[in-house]
Amino acid sequence: MSLHPVATVAGAPVAVEEVDAAEARLRSGPHAAALPARGTSEGRQLRRWLTQLLVTERVVAAELAARGLSVGDAPTEAELLPDVTARLEIGSVAAAALADPRARALFVDVTVAVRVSDRQVADYHARNPLRFAAASPDGHGWRAPSCVEPPLAQVHSAVAEHLRAAARRRAFRLWLDERRADLVQLAAGYEHPGDPRQPDNTHRH
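Residues numbered from 1 in each chain as written. Predicted model: local features only at pLDDT ≥ 70, side-chain atom pairs only at ≥ 80, totals over all residues. Heavy atoms only, no water.

- The name that an unreviewed UniProt entry assigns to the chain is Malonyl CoA-ACP transacylase, with the source organism given as Mycobacterium ahvazicum.

What follows is the structure in structure tokens.
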């Protein structure tokens, strides 16, 4: 094992060989041609992202054990991340972590108390009156979006479910960010990809 870990999680080292192995799996996979070349700025950013995945896996495992959780009743990945918007909301690292049922069980535990109010539901419906309007036949065998605003009572549960799902994703992302900040120390060269202090970060304002 390398004497110079890329990170520590609660004091336990993450070896550079683990990043090497994760990168090798990607580069031998079906999307290898889309990956940046080794040794480039983008290639280093890929390794930083893989480091984030590895430390997140360790944080998840530690929290699952500390909370005594079981993965038996974990929801499916599609239930928590039903579309591209949901994945963008939660961020690429957390979205990748939720492929693991351990992370999904932790998601449920962390976000179980998240609620949305009737006022939030009503305000959302007022701003997006047709968002949950039922589609109707258009006479040509297709179904077209309705132009008639449904009453709030008719769509209240759908709006509430939509808002609570988004609120739970946000709560989990923030919680995960906090736990990583508490438990993870990153070595030079393996900073977070979005850290403006590292030289390969190209997201400038």
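So, next bit.
## Some points on the overall build of the chain
Then step 1. Looking only at helices and strands, the chain features eight helices and five strands.
Then step 2. Over its C-alpha trace the chain gives a radius of gyration of 21 Å, far above what one expects of a compact globule, namely 17 Å for 205 residues.
Then step 3. Projected onto its principal axes, the C-alpha positions of the chain cover 65 × 40 × 35 Å.
Then step 4. Classification of the 205 residues of the chain by burial places 33% in the buried group. (Helix = DSSP H or I, 4+ residues; strand = E, 2+ residues; numbered from the N terminus. Rg over C-alpha atoms; globule rule 2.2 N^0.38 Å. Buried < 20%, exposed > 50% of the residue type's maximum accessible area, 1.4 Å probe, protein only.)

## A few points about the nonpolar core
Then step 1. Judged by nonpolar contacts, the single largest core of 32 residues is most densely connected at Val6, Val9, Val14, Leu81, Ile90, Leu98 and Phe172.
Then step 2. Counting only elements with at least two residues in this core, the list comes to strand S1 (7-9), helix H1 (16-27), helix H2 (41-67), helix H4 (84-90), helix H5 (92-97), helix H6 (101-111) and helix H8 (152-183).
Then step 3. For this core, the element with the highest residue contribution is H2, accounting for seven residues.
Then step 4. When sequence neighbours within four positions are dropped, the list of residues in contact with Val14 reads Pro5, Val6, Ala7, Val9, Leu54, Val55 and Arg58. (Core = buried A, V, L, I, M, F, W, Y, C linked by side-chain atoms within 4.5 Å. Contact = heavy atoms within 4.5 Å.)

## Things to note about the pattern of salt bridges
Then step 1. Scanning all chains against the criterion turns up 18 salt bridges.
Then step 2. Residues Glu23 and Arg27 are paired through a salt bridge, measuring 2.8 Å at the closest nitrogen-oxygen approach. With a gap of four residues between them, Glu23 and Arg27 both fall in helix H1, about one helical turn apart.
Then step 3. Salt-bridge contacts for Asp195 lead to Arg197; the nearest nitrogen and oxygen are separated by 3.0 Å.
Then step 4. Judged by its relative accessible area of 13%, Asp195 falls in the buried class.
Then step 5. Linked by salt bridges that have partners in common, Asp20, Glu23, Arg27, Arg38 and Arg47 make up one network. (Salt bridge = Lys/Arg side-chain N within 4 Å of Asp/Glu carboxyl O.)

## Some words on the side chain of Arg48
Then step 1. Inspection of the secondary structure assignment puts Arg48 in helix H2.
Then step 2. Judged by relative accessible area, Arg48 falls into the buried class, the value being 2%.

## Comments concerning unusual backbone geometry
Then step 1. Of note in this structure, Ala10 is not a glycine but carries a positive phi near 50°.
Then step 2. With respect to the helices, strands and loops of the structure, Ala10 is situated in the loop between S1 and strand S2 (12-14).

## Brief notes about the environment of Arg164
Then step 1. Of note, Arg164 is situated in helix H8.
Then step 2. Spatially, the C-alpha atoms of Arg164 and Ser117 are 9.4 Å apart, while their sequence positions differ by 47 residues.
Then step 3. Aside from chain neighbours lying at most four places away, what touches Arg164 is Thr111, Val112, Val114, Arg115 and Val116.

## Digging into H1
Then step 1. Taking 1.5 Å as the rise per residue, H1 with 12 residues should run 16 Å; its terminal C-alpha atoms sit 16 Å apart, in good agreement.
Then step 2. Where H1 is concerned, the buried positions are Val16, Val19, Ala22, Glu23 and Arg27. End-on view of H1: buried residues confined to an arc of 135°, all on one side of the axis.
Then step 3. Residues of H1 that are buried in the fold lie against S2 and H2. (Expected span 1.5 Å × (residues − 1). Arc of directions from axis to C-beta.)

## Points about the side chain of Asn201
Then step 1. Its place among the elements puts Asn201 in the segment after strand S5 (184-186).
Then step 2. A residue is classified by how much of its surface remains accessible, and Asn201, at 4% relative accessible area, is buried.
Then step 3. A polar contact is formed between the side chain of Asn201 and the backbone oxygen of Gly194, at a distance of 3.5 Å. (Polar contact = N/O pair within 3.5 Å; in protein donor to acceptor, adjacent residues only side chain to side chain.)

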